[in-house]
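Chain by chain, the residues:
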Amino acid sequence: MKKRSYISVFLLICLIACQKEKTSVQSPELSGFTLNAVTLGQPSFTLVNPKSKSSGAFSFKTSDTSLITIQASLVTIKKSGTCIITAIQEQTEGFGKDSITATLVISPRIVPLLTDFVVPEKKLNDPPFILAPPKSNSNGEITFKSDNTAVAIITGNLVTIKSSGKAIITAYQAQSGIYDARSISANLVVTDGVVAETLTDVDGNVYKTVKIGSQTWMMENLRTTHYRDGTPIPNVTGNSDWGVQSNGAYCSYNNNLDISKLYGYLYNWHAVNNTRQLAPQGWHVPTSTEWTILYNYIGGDRYSGGKIQEKGTEHWISDTGASNITSFTGLPGGKRNGDGIYDSIYYDANWWTATAKSSGTAWNYNLYVKGYIEIGENVKNFGYSVRCIKD
């Protein structure tokens, strides 16, 4: 019995000792483990150990190895997303093993800001030229490509012109660091710039003409007072009379013949559509499709109008950088509204097309002082300028 009592007492003493040993192990009280958001493409970075009362060694692990890898304390970013990083501290004398977590947010690469990519207008037979790269907040390599090698080819940043027409030049910037890849494009318009023969209308007015791409256009607005067969076109001067016309009519801006000598006459659409023909022999008023061919040739967007707009301020109210590289020489002849009021001379050029939109309206092209060009639709009793195109 005594032997058993001794054993019981011994076991009790051991249990008390173990309990004392357990109660002597403290928590390291981990804290201060935070992670700043990062961006894909950043260099690898080193994790900072959490604050701890223990001197135990730390190790780290991630909840998603597809996003990051961790070697010792070095984090390498693989793709964007969100993961949990756990800091684990090993047990030491007096302190137990413990861990703490923090969330790491990895943003996608930043889209670089590409601006100021401008390709100069050129004429056929111009020498090769160097492209200026766009401005960018990335330092990624920039390369260039032409979508129409029949018009222009690019070697490095050197452009060689092959023919007239339009090519879209794209500047590609490669991915670099935290910046993603991106591109920006600009139009290269190469014009013939070839002044063609002159033509004479039924009134004896002589017009210069120019070849633009596949088309030959008048370089001046029409100023005939007769149809092709010699039939007079009514000159309607009164405001109240103008808007009620159902037949062809023309007028001078503000009924001033001197203005018409330069800017041409304003015609309603009934004159454009007359079976007697408004245009001289061998020529016609262009359809909306033919106008669109010119529109696309000069760039195909509303900011391309400067290529057919006369330079300077001799006739336009202000100079907004028009080049008139095509020699089309658009002049701001203004318009006459349906109520007979004259408007917008020196500010706008308005030309009829030969294409009706509806029973009461027709398509027209408008060129504004800022070089904007766009198609419009208006009632047929408006007075607009007319340009003719060769058959």
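The structure we're discussing is the one just above.
Residues numbered from 1 in each chain as written. Predicted model: local features only at pLDDT ≥ 70, side-chain atom pairs only at ≥ 80, totals over all residues. Heavy atoms only, no water.

1. Some remarks on the overall build of the chain
To keep it simple, the criterion reads: Secondary structure elements follow DSSP: runs of H or I no shorter than four residues count as helices, runs of E no shorter than two count as strands, and numbering proceeds from the N terminus. C-alpha atoms define the radius of gyration in this analysis, and the globule rule sets the expected value at 2.2 Å times the number of residues to the power 0.38. Note on classification: 1.4 Å probe, protein chains only; a residue is buried when its accessible area is under 20% of the maximum for its type, exposed when over 50%, partly exposed between these limits. Here, two residues are considered to be in contact whenever any of their heavy atoms come within 4.5 Å of each other.
Helices and strands together make up the secondary structure of the chain, namely five helices and 28 strands. Taken against the 2.2 N^0.38 rule, which gives 21 Å for 391 residues, the C-alpha radius of gyration of the chain at 39 Å runs more than 25% over that of a compact globule. When the backbone C-alpha atoms are referred to their principal axes, the chain occupies close to 145 × 50 × 30 Å. Expressed as a percentage of the 391 residues in the chain, the buried residues total 43%. A separation threshold of at least 6 residues defines the contact pool for the chain, and within that pool the share at least 24 residues apart is 57%.

2. What to know about the sheet that holds strand β3 (residues 58-62)
This is how the line gets drawn: We call two strands paired when DSSP finds no fewer than two bridges between them.
Within the open sheet, the four strands sit side by side as β1-β7-β6-β3. Their pairing is mixed. Looking at which strands have only one partner, the edges of the open sheet turn out to be β1 (38-39) and β3. Examined bridge by bridge, strand β6 (residues 81-89) and strand β7 (residues 98-107) share nine bridges and lie antiparallel to one another. Residue C83 lies in a different strand from β7, and its bridge partner there is L104.

3. Regarding the nonpolar core
Rules: Only buried residues count toward a nonpolar core, which is a set of Ala, Val, Leu, Ile, Met, Phe, Trp, Tyr and Cys residues joined through side-chain atoms within 4.5 Å.
L222, Y267, L278, W352 and V386 are the most contacted members of the largest nonpolar core, which has 22 residues in total. By residue number, the principal contributor to this core is helix α4 (residues 269-272), which donates three residues.

4. Thoughts on the packing of aromatic side chains
Put simply, the rule reads: Any pair of Phe, Tyr and Trp rings, taking the six-membered ring for Trp, is counted once the centres come within 6.5 Å. Such a pair is stacked with planes under 30 degrees apart, edge-to-face with planes over 60 apart, and tilted for the rest. Placement of a charge over a ring requires the Lys NZ or Arg CZ to be within 6 Å of the ring centre, with the centre-to-atom vector within 35 degrees of the ring normal.
Counted according to the given criterion, the structure contains 17 aromatic pairs. Ring geometry for Y295 versus Y365: centroids 6.0 Å apart, planes at 50°, classification tilted. One end of the pair, Y295, is in helix α5 (residues 288-297); the other, Y365, is in strand β26 (residues 361-368), and 70 residues separate them in sequence. According to the relative accessible area criterion, Y295 is buried, its value standing at 17%. Here the guanidinium or amino end of K122 rests over the ring plane of F129, the centre of that ring lying 4.6 Å away. Across the ring face of Y372, the terminal group of R302 is positioned such that the distance to the ring centre comes to 4.1 Å.

5. Comments concerning a nonpolar patch on the surface
Selection rule: Patches here: salt-bridge-free residues with over 30% relative accessible area, like charges joined within 9 Å, nonpolar side chains (Val, Leu, Ile, Met, Phe, Trp, Tyr) joined within 5 Å. Areas reported as accessible are Shrake-Rupley estimates using a 1.4 Å probe. Residue values count occlusion only from the protein chains shown. By convention in these notes, a salt bridge is any Lys or Arg side-chain nitrogen within 4 Å of a carboxyl oxygen on Asp or Glu.
Together, I317, Y346 and Y347 give the surface a local cluster of nonpolar side chains, amounting to about 290 Å² of exposed area. When its relative accessible area of 44% is taken as the criterion, I317 is described as partly exposed.

6. Points about the pairing of strand β27 (residues 373-379)
Of the pairings in the sheet, the one linking β26 to β27 comprises seven bridges and is antiparallel in character. Within the sheet, the bridge partner assigned to L367 lies in β27 and is I373. From the end of β26 to the start of β27, which pair antiparallel, there are four residues, and G371 there has a positive phi angle of about 90°.

7. Some words on the side chain of T326
Using the following cut-off: Counting of polar contacts relies on pairs of N or O atoms within 3.5 Å, with two restrictions inside protein: one atom must be capable of donating a hydrogen and the other of accepting it, and residues adjacent in sequence are counted only when both atoms are side-chain atoms.
Structurally, the position occupied by T326 is in the loop between α5 and β23 (335-336). With relative accessibility at 1%, the residue T326 sits in the buried group. Among the polar contacts listed, one links the side chain of T326 to the backbone oxygen of K307, at a separation of 2.7 Å. If sequence neighbours within four positions are ignored, T326 has contacts with T191, V210, I212, I298, K307 and I308.

8. Side note on the sheet that holds strand β12 (residues 158-161)
Read across the sheet, three strands follow the order β9-β12-β11 without closing on themselves; strand pairing throughout is antiparallel. For this open sheet the edge positions go to β9 (129-130) and β11 (152-155), each flanked by a neighbour on one side alone. With two bridges connecting them, β9 and β12 associate as antiparallel partners. Counterpart to F129 in the pairing with β12 is V159.

9. Focus on the environment of T237
Take T237: it is sitting in the loop between β19 (215-218) and α2 (239-242). For T237, a relative accessible area of 42% corresponds to the partly exposed category. Separated by 15 residues in sequence, T237 and S252 place their C-alpha atoms 8.1 Å apart. Once residues lying within four places of it in the same chain are set aside, the contact partners of T237 are N255 and R336.

10. Some points on the pattern of salt bridges
On inspection of all chains with the given rule, the structure shows eight salt bridges. Here K307 ties to E121 by a salt bridge, and the two come within 3.6 Å at their closest N and O atoms. Of this pair, K307 sits in the loop between α5 and β23 while E121 sits in the loop between β7 and β8 (122-123), and the two are 186 residues apart along the sequence.

11. Concerning the pairing of β11
The two faces of β11 differ: A152 and I154 on one face are buried, but I153 and T155 on the other face are not. Sheet topology note: the β11/β12 ladder contains four bridges and is antiparallel. Following the sheet pairing, I154 is matched in β12 by V159. The hairpin formed by β11 and β12 contains two residues between the paired strands, and G156 there has a positive phi angle of roughly 65°.

12. Here's the deal with unusual backbone geometry
The backbone of N125 sits at a positive phi, close to 80°, despite the residue not being glycine. Tracing the sequence through the fold places N125 in the loop between β8 and β9. When its relative accessible area of 72% is taken as the criterion, N125 is described as exposed. Positive phi outside glycine occurs at S327, with the angle close to 70°. Tracing the chain through its elements places S327 in the loop between α5 and β23. With relative accessibility at 14%, the residue S327 sits in the buried group.

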